[in-house]
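Chains, contacts and geometry: an overview
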Amino acid sequence: MSDPSPSSIRAAVEAVLADPAPGIVQLGHPVLRRAAVPYDGQIDDAVLHALLVLMRHVMHAAPGVGLAAPQLAIPLRIAVLEDRYEVAADVAQTRERLPLDLLAVINPNYRPIGGETAAFYEGCLSFTGYQAVVERPRQIELSYHCADGTPVVRRLSGWQARIAQHETDHLDGTIYIDKALTRSLCSNEEYSRRWAQPDIEEARSGLGF
């Protein structure tokens, strides 16, 4: 399928900005399965700023730690990331979950650094009600542009790297379940009841993955 036209992208952005309560599209919507179009000025700076503010609001309201533009049915290579939630000390240590201040990333890409991986449960605002274990590179180099056009290359590790990979994957048409250990898939209710541990060892034993 050809790339969406600038006019169709502008129309999608305007529709979301005009909606008092924009919803997050769910798995099965075709926009989640197409590579997003690189941002190259399809919307002006003021509209881009308004979109980023809205995306952050929707992310917080969900609540979540990341949101990609395609999750609002906007096929642009844009995402917001932020993790300021309090977590238990043992969870933070085991998962290397350090606070992540707001990042608005334009045209992001990542590459693994080293060969270490980490496997933990994760979920998705576009696949509500479920979680599954995904093994991902522990450290990455994230390249992106800020909203003002400044290029940035940043090294991330642990949970910060996981968030960045998850959201950048969205922009490539990839959902976390595509990379998950499928035997680990469970409802949020079962996860909370049985497997909500700092690591995945009990779930690995109980579910056989």
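Coordinates for the structure precede this section.
Source: prediction; values computed, not measured.

Along the chain, Ala 62 connects to Pro 63 via a cis peptide bond; the corresponding omega equals -5°. Here Pro 63 shows up in the loop between α2 (45-61) and β1 (66-68). Backbone geometry places Ala 73, a non-glycine residue, at a positive phi of 65°. Topologically, Ala 73 is positioned in the loop between β1 and β2 (78-83). Owing to a relative accessible area of 29%, Ala 73 belongs among the partly exposed residues under this scheme. The backbone phi angle of Glu 96 is positive, close to 50°, even though this residue is not glycine. Mapped onto the elements, Glu 96 comes out in the loop between α3 (89-95) and β3 (100-112).

Let us look at the pairing of strand β5 (residues 130-137). Side-chain positions along a regular strand alternate between the two faces of the sheet. Sheet topology places strand β4 (residues 117-123) next to β5; 7 bridges connect them, and they run antiparallel. The residue of β5 that forms the bridge with Gly 123 is Gln 131. In the sheet, β5 pairs with strand β8 (residues 180-187) via 4 bridges, with the strands oriented antiparallel. Paired with Val 133 across the strands is Leu 181, a residue of β8.

Moving on, we get to the environment of Gln 165. Position of Gln 165 among the secondary structure elements: in helix α4 (residues 158-171). For Gln 165, the contacting residues outside a window of four places in its chain are Tyr 110, Arg 136, Pro 137 and Ile 140.

This paragraph deals with the packing of aromatic side chains. Enumeration according to the criterion identifies 4 aromatic pairs in this entry. Look at Phe 127 and Tyr 130: their rings are 5.4 Å apart centre to centre, the planes differ by 20°, and that puts the pair in the stacked class. Given a relative accessible area of 17%, Phe 127 falls into the buried group. The class for Tyr 130 is partly exposed, based on a relative accessible area of 38%. Connected via pairs of aromatic rings, a cluster forms that spans Phe 127, Tyr 130 and Tyr 176.

Once that is clear, we can look at the packing of helix α1 (residues 6-18) against α2. Two elements in contact, α1 and α2, have axes separated by 10 Å at closest approach and are oriented at 50°. The pairing of α1 with α2 is recorded here as oblique in orientation. Relative to α2, the crossing made by α1 is left-handed. Facing α1, whose interface residues are Val 13, Val 16 and Leu 17, α2 presents Val 47, Ala 50, Leu 51 and Leu 54. Considered class by class, the residues forming the contact of α1 with α2 number 7 nonpolar, no polar and no charged.

If you look at the biggest cluster of nonpolar residues, it comprises 27 residues, and the most contacted ones within it are Tyr 121, Leu 142 and Ile 200. Contributions of two or more residues to this core are made by β2, β3, β4, β6 (139-145), α4 and α5 (188-195). If we ignore the near neighbours within four places in the chain, the residues touching Leu 142 are Val 105, Pro 108, Asn 109, Tyr 110, Val 152, Val 153, Arg 154, Leu 156, Ala 164 and Thr 168.

The pairing of β6 with strand β7 (residues 151-157) spans 7 bridges and is antiparallel. Of the residues in β7, the one forming a bridge with Tyr 144 is Val 152. As consecutive antiparallel partners, β6 and β7 are separated by 5 residues, and within that stretch Gly 149 has a phi angle of approximately 95°, a positive value.

Rules and cut-offs
Residues numbered from 1 in each chain as written. Predicted model: local features only at pLDDT ≥ 70, side-chain atom pairs only at ≥ 80, totals over all residues. Heavy atoms only, no water. Helix = DSSP H or I, 4+ residues; strand = E, 2+ residues; numbered from the N terminus. Buried < 20%, exposed > 50% of the residue type's maximum accessible area, 1.4 Å probe, protein only. Pairing = 2+ DSSP bridges. Contact = heavy atoms within 4.5 Å. Phe/Tyr/Trp six-rings, centres within 6.5 Å; stacked < 30°, edge-to-face > 60°. Axes fitted to C-alpha atoms, helices over the stretch in contact; angles between N-to-C directions. Parallel < 35°, antiparallel > 145°, perpendicular 65-115°, else oblique. Left-handed = near helix turned anticlockwise from the far one by under 90°. Nonpolar A, V, L, I, M, F, W, Y, C, P; charged D, E, K, R; others polar. Core = buried A, V, L, I, M, F, W, Y, C linked by side-chain atoms within 4.5 Å.

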